[in-house]
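If you want the building blocks of each chain, they are given just below.
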Amino acid sequence: MENKKLSNSYWIKIVIVFTLGWIAIYATRTILNPIMTNIQSEFAINATQLGLLSSLFFLGYTVTQIPSGYLGDKFGRKKMIIPAFIGFGVLAIVSGQMITFYMFLMMWFLTGTFQGVFYGPQYGLSSEAIPQKRLTLGSAIINSGMAIGMSAGYWISSITVQEMDMSWRTPFWIMGVIVIVIGIIMWIIVKEHPPGYQAPTSESGAPAKLKVSELFKNRNLILAFITIFCSIYGFFVILTWLPYYLETARGISGSSVAFVSSLVPWASIPGMLFFGWLSDKLGKQRPVLLVMVPLAFLSTISIVLFDQIWVLYVSLIVYGIVGKLSTNPVLIAVVANNAPRVGLATSFGIYNFIGMSASILAPYITGFITDVTGNLDMGFYLAGGLLAVGIIAVFLLDESGYKRVEHVEN
């Protein structure tokens, strides 16, 4: 009974501290977006180079996904998370002080690389600590930190730079210090395993071992990988280019950009909590995703398809409710329900590596399309087309006779 109380207390602490972690990560990413025009002006770069900033950041973030997940499973997930988390706070500060575009580009790339260590080990730790009946909802609460951080980043940059007329470098100082403090809190609270944890074993009684190739033989895992790629592509078109689109195509500027851009993350919080609760209640993810992904498709193309400002607002709110931030916890449950316990961090690392590959492509491709066509519309339509592929992948998920996969190798 005492162990149960300790376990309950621990998983709640884990949810809180990892929510703070995602707030810090997304706020640090998004401080760049409202000041893209300031950076473009200072370094005299075009839209393609501007998109390259985000693409290289997420290249760094993506290439560390699988190694960090695998090494976390092998040597300890906490050992991976804490140094990298504090390190990215330091690098965020350094990035903001660079005096040439290519120096800034390199430091921002390294910041993304250190951020990339977090995902796989974090969801491995949390999926192990959160009770199964609360897994999707607990993951949704953690995921809400992404939404809060996304909005916080918009506001920090918009207020300090555009409203208070501070240097565009100021937000990097602010976020770097916050990240370091959260990293220290995380170091104190997080444990490698929850109280009462028992290591999985094979039938012979030996410690279970992960066979990575088995992950790619699981139909549902592959479909989850495809869906997250399509979802993240659309999300990063919106995350990276929405403030720029609002300023250049809709004539919205200053703190109004932060307000309109924040419609997505704030709408996602009730969305992810509701759909996370619904998924746990149904015990299945496919029916929930078959509602969310088609609505995400419609709302993405509606951002540029209609000229009315109220349609823009409605589209952003709907996208927030059903888009990537809200679908991610449901897809995390798909991965957790189909991946072996001994390889949770590795499975989440592969999942996010494939998904975040889209984050490398989306900013640069959208910037290139903008330079070629003179507007952002085709970039949003391409994002919608990929979400249509995601709808097909969700439709093919098979949850009949669901049983958790526990591959072991003697």
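Computed from a prediction, not measured in an experiment: that's the story for all the values here.

Procedures and definitions
Residues numbered from 1 in each chain as written. Predicted model: local features only at pLDDT ≥ 70, side-chain atom pairs only at ≥ 80, totals over all residues. Heavy atoms only, no water. Buried < 20%, exposed > 50% of the residue type's maximum accessible area, 1.4 Å probe, protein only. Helix = DSSP H or I, 4+ residues; strand = E, 2+ residues; numbered from the N terminus. Arc of directions from axis to C-beta. Contact = heavy atoms within 4.5 Å. Phe/Tyr/Trp six-rings, centres within 6.5 Å; stacked < 30°, edge-to-face > 60°. Lys NZ or Arg CZ within 6 Å of the ring centre and 35° of its normal.

Chemist: Any chance you could explain helix α2 (residues 36-43) here in plain terms?
Modeler: Given 3.6 residues per turn, any residue in an α-helix points the same way as the ones three and four places further on. For α2, the complete set of buried residues consists of M36, I39, Q40 and F43. Projected down its long axis, α2 shows its buried positions confined to an angular sector of 100 degrees, all on one face. Considering only its buried residues, α2 is in contact with α3 (47-63), α6 (101-115) and α10 (219-248). At the C-terminal side of α2, A44 shows a positive phi close to 55 degrees.

Chemist: Explanation requested: the packing of aromatic side chains in the structure shown.
Modeler: Aromatic ring pairs are reported here in terms of the distance separating the ring centres and the angle at which the planes meet. Following the criterion strictly, the structure yields 27 aromatic pairs and no others. With a centroid separation of 5.2 Å and 80 degrees between ring planes, the pair formed by F85 and F88 is classed as edge-to-face. With F85 and F88 both in helix α5 (residues 77-95) and 3 residues apart, this pair spans about one turn of that helix. Each member of the pair, F85 together with F88, is buried. Judged by centre distance (6.0 Å) and plane angle (35 degrees), the ring pair of F274 and W277 falls under tilted. Highlighted residues: F274 and W277, both in helix α12 (residues 263-282), separated by 3 residues, approximately one helical turn. Overall, the relative accessible area of 43% leaves W277 in the partly exposed class. The aromatic ring of Y26 is capped on one face by R29, whose charged end is 4.4 Å from the ring centroid. The cationic tip of R286 hangs over the ring face of F395; the distance from NZ or CZ to the ring centre is 5.2 Å.

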